[in-house]
Amino acid sequence: MNMSDDNDIIRTRREKLSRWRETDDAYANDFRRQDLAAALQERYAGQDKAALEDSLVATAVAGRVMLKRVMGKASFVTLSDVSGQIQCYLTRDGLGEAGYQEFKDLWDIGDIVGIEGTLMRTNKGELTVATSNIRLLNKTVRPLPEKWHGLTDTEARYRRRYLDLIMNEETRSTFRTRSQILHHLRHFFVERDFLEVETPMMHAIPGGAAARPFVTHHNSLDLELYLRIAPELYLKRLTVGGFERVFEINRSFRNEGLSTRHNPEFTMLEFYWAYADYRDLIELTGDLLAELTTKVLGRSAFNYQGTDIDFGKRPLQLTMAESIVVEAGFSESQVEDPQFMRDTLAAMNQKVEASWGIGRLQMAMFEARVEEKLFAPTFITHYPIEVSPLSRRNRDNPDLSDRFELFVGGREIANGFSELNDPDDQAERFRDQAKQKSEGDLEAMHFDADYVEALEYGLPPTAGEGIGIDRLVMLLTNSPSIRDVLLFPLMRPGNV
RNA sequence: GGGUCGUUAGCUCAGCUGGUAGAGCACCGGGCUUUUAACCCGUUGGUCCUCGGUUCGAACCCGAGACGACCCA
């Protein structure tokens, strides 16, 4: 765990570094690479040994030494660059006595080097650079993890992600996929005339979600500020301002525990779409998942932790009450009976507050008994108004909201609704939240008078949605933990 | 917050019932001009996570703590 500075390996490599520093070109930056490994592998895949001998293709490659095989006066070195790997053949005849000796004396696995030469193919058929000139570009001090097993210790992989990236193609692949997902999401929304915006990360009043915030302090304003728990209320202010389609992909922060599904900072996509409602969102979300998966994976179906999921098919739809009937096995009348729900939750050792109405009781039951079972993509609709303080009230049933969440793999992936744009109703909901906060609910919302004022200037009929990007990346990269899709997940400071 | 498991060489891991700490890779020395985790020979390398306890004697047993993984709340 503790990588001390005085072990034999590091001491020897430091001695080599000292010798290298005595040369003229230690830490030179004038080596120019001509080709990437993968490009060479692809371009010359069809050329056999004889063809390459005839054509004398000159190249210059650079990268990290991953493997080194010394056989007396000839050696093979495997270089790794951003694209892939290529083998190089170094000989005393090819490099000259001094050059070959420098390689033998100074080069170690892990060093960053530049190699010039011509392409050849070995007897076993591997494309190889027959080296005529070598440059040591960075004499590294610390040894890489073991070449066969790599770096497997999860703690080390998260704390020293660079080593994980050097050693594990799977890790590199995950983060390439993450980048692709973000790219295609942006493309999807920009193509549909959504404007990408950035709204504040530091809020005087945290809002837009039920969560505990991180608190910080602005010195010169002498002001308590909160890291945002969601961008929602600012994005809707922009919709008031006439940006009728906006989206933001950025971090939010929630001061909660860590788990395989939660990191205190996480990435959300939120978008707001004027003159649309939650049913339009459900359609758009279905399109989005199908298109995204096809573009990123080349197909709409994939396997997540042993279960097949297909975003090419439209997700199921159930109301929250229906889902409790179906998955938890209660009758429709039981699900609507506050006393029954309260008693049943209590019997399940679930925390229940006396003030909770049927909406919060149903929500608690849903979270306890239903959510984890929703493996196949499923939209749960008709959330109770009691747990949806920013959502539009359902026209047919005022106790319900025009809101849905999407569940995949037993996890919430998206949350969307027709926006509440009645300022008086919103003020009433905020007052209710503030009351719950004063009664000790740490996740209840603050009264945001500034936001209500914005609504008084007029939010068009609008639908808005948030999509958890980390969880989406988990699905498409088959990652069991959110830490596997965050380059630097939060860790307690350790003595590493 | 609770439970289970883990922490031994730079890395991957063994280490029996408590009796002087082991292997492979890497490193160092030697051999080898088409290898593929190259191979062969010979070395080197340790805060056994930390602190305390039990014991003639602790990597191992007990207690407390640190860090991590997973599960639960």
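(A) Summary view of the overall build of chain A. When its secondary structure is counted, chain A shows 16 helices and 18 strands. A principal-axis box enclosing the C-alpha atoms of chain A has dimensions of 85 × 50 × 50 Å. Expressed as a percentage of the 496 residues in chain A, the buried residues total 48%. Counting every atom, chain A has about 24,500 Å² of accessible surface; 49% of that belongs to carbon and sulfur. Here chain A contributes 61 positive and 79 negative side-chain charges, whose respective centroids are spaced 7 Å apart.

(B) Summary view of the pairing of strand β13 (residues 307-310). In terms of strand pairing, strand β12 (residues 301-304) meets β13 through 4 bridges, oriented antiparallel. Residue pairing for β13: Ala 301 is matched across the bridge by Asp 310. The turn linking β12 back onto β13 is made up of 2 residues, and Gln 305 within it adopts a positive phi angle of 50 degrees.

(C) Quick look at the pattern of salt bridges. The full count for this structure, using the stated rule, is 36 salt bridges. Among the ionic pairs, Glu 169 bridges to Arg 172, the shortest N-O distance being 2.9 Å. One end of the pair, Glu 169, and the other, Arg 172, are both in helix α7 (residues 169-191), 3 residues apart, so they sit about a helical turn from each other. The partly exposed category is assigned to Glu 169, whose relative accessible area is 42%. The residue Asp 277 makes a salt bridge to Arg 279 at a minimum N-O spacing of 3.2 Å. For Arg 279, a relative accessible area of 51% puts it in the exposed group.

(D) Highlighting empty space enclosed by the protein. For the coordinates displayed, the defined rule picks out 2 cavities of 30 Å³ or more. Computed from the structure, the largest cavity encloses a volume of approximately 50 Å³. In this structure, the largest cavity is lined by Pro 206, Gly 207, Ala 209, Ala 211, Pro 213, Ile 229, Lys 437, Leu 442, Glu 443, Ala 444, Met 445 and His 446. Class assignment for the residues of the lining of the largest cavity results in 8 nonpolar, 2 polar and 2 charged. Quantified by volume, the second largest cavity comes out at close to 30 Å³.

(E) Seen up close, unusual backbone geometry. Positive phi values are uncommon outside glycine, yet Asp 222 reaches one of about 45 degrees. Relative to the helices and strands, Asp 222 is located in the loop between β8 (215-218) and β9 (223-227).

The rules we used
Residues numbered from 1 in each chain as written. Chains lettered and ligands numbered in written order. Predicted model: local features only at pLDDT ≥ 70, side-chain atom pairs only at ≥ 80, totals over all residues. Heavy atoms only, no water. Helix = DSSP H or I, 4+ residues; strand = E, 2+ residues; numbered from the N terminus. Buried < 20%, exposed > 50% of the residue type's maximum accessible area, 1.4 Å probe, protein only. Areas by Shrake-Rupley, 256 points an atom, 1.4 Å probe, with all protein chains shown as cover. Lys, Arg positive; Asp, Glu negative; His and termini not counted. Charge placed at Lys NZ, Arg CZ, Asp CG, Glu CD. Pairing = 2+ DSSP bridges. Salt bridge = Lys/Arg side-chain N within 4 Å of Asp/Glu carboxyl O. 1 Å grid on protein atoms, 1.4 Å probe; cavity = no way out; pocket = protein on both sides within 12 Å on 5 of 7 lines; lining within 4 Å. Points joined across faces, edges and corners; volume = space filled by probe spheres on them. Nonpolar A, V, L, I, M, F, W, Y, C, P; charged D, E, K, R; others polar.

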